[in-house]
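Observations on the three-dimensional arrangement
Below are the chains, spelled out letter by letter.
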Amino acid sequence: MNDTRPSRPRRGAPGRRDARRRAVELLYEAAQRETDPRTLLAERVGATEVEAINDYTVTLVEGVGAHRERIDELLAEHAQGWSLERMPPVDLAVLRVGLYELLWAADVPDPVAIDQAVGLVRELSTDDSPRFVNGVLGRIGTIADRLRTVL
């Protein structure tokens, strides 16, 4: 018999949700260590005792690192009353990943990028964080098409 169901990731193989979470963890750690996230990522990828890092985690960390200045400008502009320095570090890491996916990950629909960021921050941060992240990314999402044309 031929099974026509779509293939699923192997049990234990991390999916995109896990990859996003790991990217947030790396971005958070890099911020706490005051180092470039791409440098930290390179250290981790080269370390043999650390578990393998998902390709999508690498894509996210490198993408956030490459576009960090523009990402932070947009977050500061649309966070309404919040400077980046005042944001909880976990929320900021989630926002950076979410905004990268929103504007630069062509294979991730805008609502998915926002929903995944809200879900992550719900797991990792405060009770108020999901509403905050949803608000910031939602505001940027309304102008995402226009922003993509000038990136």
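Refer to the structure printed above.
Parameters and conventions
- Residues numbered from 1 in each chain as written.
- Predicted model: local features only at pLDDT ≥ 70, side-chain atom pairs only at ≥ 80, totals over all residues.
- Heavy atoms only, no water.
- Axes fitted to C-alpha atoms, helices over the stretch in contact; angles between N-to-C directions.
- Helix = DSSP H or I, 4+ residues; strand = E, 2+ residues; numbered from the N terminus.
- Parallel < 35°, antiparallel > 145°, perpendicular 65-115°, else oblique.
- Left-handed = near helix turned anticlockwise from the far one by under 90°.
- Contact = heavy atoms within 4.5 Å.
- Core = buried A, V, L, I, M, F, W, Y, C linked by side-chain atoms within 4.5 Å.
- Buried < 20%, exposed > 50% of the residue type's maximum accessible area, 1.4 Å probe, protein only.

The next thing to look at is the packing of helix α1 (residues 16-33) against helix α3 (residues 55-66). It is the contact of α1 with α3, at a shortest axis distance of 8 Å, that shows an interaxial angle of 40 degrees. Between α1 and α3, the crossing angle belongs to the class labelled oblique. Considering how the two elements wind past one another, α1 and α3 form a crossing that is right-handed. Within the contact between the two elements, α1 uses R16, A19, R20, R22, A23, L26 and L27 and α3 uses Y56, T57, L60, V61 and V64.

So, on to unusual backbone geometry. Glycine aside, the phi torsion of most residues is negative, and most peptide linkages are trans. Not every positive phi belongs to a glycine, and E34 is a case in point at roughly 55 degrees. Take E34: it is sitting in the loop between α1 and α2 (37-46). For Q80, which is not glycine, the phi torsion reads 40 degrees and is therefore positive.

L75, V94, L95, L99, V133 and I140 are the most contacted members of the largest nonpolar core, which totals 45 residues. Elements with a minimum of two residues in this core: α1, α2, α3, α4 (68-78), α5 (89-104), α6 (110-124), α7 (129-141) and α8 (144-149). The leading source of residues in this core is α5, at ten residues. Setting aside anything within four residues of it in sequence, one finds L99 in contact with I71, L74, L75, W104, L137 and I140.

Take it as geometry only, folks, not as evidence of what the structure does.
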